[in-house]
Amino acid sequence: FNRRKQYNMQSKTTNRGIGQKFEQLFRKSVELNKSYSIIRLKDNSMTQRKGIWVKLKNNNPCDFIVYNGVNLFYIELKSVKGKSFPLSNLSKEQEEGMYKEALKDNGQKGYLIIHFRELNKVVMINILDFISLKVYLDIKAKKSFNYIEFMSYGGVEIPLYIPNDKRSNYLDLS
């Protein structure tokens, strides 16, 4: 029993570590443009209760807030192992929080950026387009979407540059 529990925690840490590396890549890419400001919002905390790991609720609408001098961007980053993105990966609080901010007519925008690791592609979609995609998926009774569906609903690929010096990877956010 203890071995299984330790294994599950290790695999969870590994998946979490991949997401953190993606966040670091995103932050580094934004910071390349000196006119942008970036803030990382505090993530949900984990605690152990009665031997079970529990995620504490946090109502942050996104991972990052980026300001370019004109617009304020609410950015949620997700990294998925396969070729599809489960809708359950974006919490209702995140979706509603970014949607609420994007509806304000003052230069605020919400974006979901997804790293499809198996495809080695990074894509982004405006939260308003994401909600349209979600309505389409509800009609089709689907609980996830693939890369092609994502792109047909306003998704945009973000080039991922990996030069010979592997320490200087970055996303082309221009």
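All values derive from a computational prediction rather than experimental measurement.

As a further point, take the overall build of the protein chain. Across its full length, the protein chain carries 4 helices and 12 strands. Sorting the 174 residues of the protein chain into buried and exposed places 32% on the buried side. Considering only contacts within the protein chain whose residues lie at least 6 apart along the sequence, 60% involve residues at least 24 apart. Carbon and sulfur atoms provide 51% of the accessible area of the protein chain, an area that totals close to 11,200 Å².

What follows is about the pattern of salt bridges. Using the criterion set out here, one finds 10 salt bridges in the structure. Two residues, arginine 40 and aspartate 63, come together in a salt bridge whose shortest N-O distance is 3.6 Å. Of this pair, arginine 40 sits in strand E1 (residues 37–40) while aspartate 63 sits in the loop between strand E3 (52–55) and strand E4 (64–67), and the two are 23 residues apart along the sequence. Where glutamate 96 meets lysine 92, a salt bridge forms, and the shortest distance between an N and an O atom there is 3.9 Å. With glutamate 96 and lysine 92 both in helix H2 (residues 92–103) and 4 residues apart, this pair spans about one turn of that helix. We classify lysine 92 as exposed; its relative accessible area is 57%.

With that settled, the discussion passes to the pairing of E4. Across a regular strand the side chains alternate sides, sitting on one face of the sheet and then on the other. Alignment of E1 against E4, held across 4 bridges, turns out to be antiparallel. Looking across to E4, one finds that arginine 40 is bridged to phenylalanine 64. Bridge analysis of E4 against strand E5 (residues 72–80) gives 4 bridges, and the strand direction is antiparallel. Among the inter-strand pairings, phenylalanine 64 is bridged to a residue of E5, identified as isoleucine 75. Counting the residues in the hairpin turn of E4 and E5 gives 4 residues, including glycine 69, whose phi is positive at 95°.

Analysis parameters
Residues numbered from 1 in each chain as written. Predicted model: local features only at pLDDT ≥ 70, side-chain atom pairs only at ≥ 80, totals over all residues. Heavy atoms only, no water. Helix = DSSP H or I, 4+ residues; strand = E, 2+ residues; numbered from the N terminus. Buried < 20%, exposed > 50% of the residue type's maximum accessible area, 1.4 Å probe, protein only. Contact = heavy atoms within 4.5 Å. Areas by Shrake-Rupley, 256 points an atom, 1.4 Å probe, with all protein chains shown as cover. Salt bridge = Lys/Arg side-chain N within 4 Å of Asp/Glu carboxyl O. Pairing = 2+ DSSP bridges.

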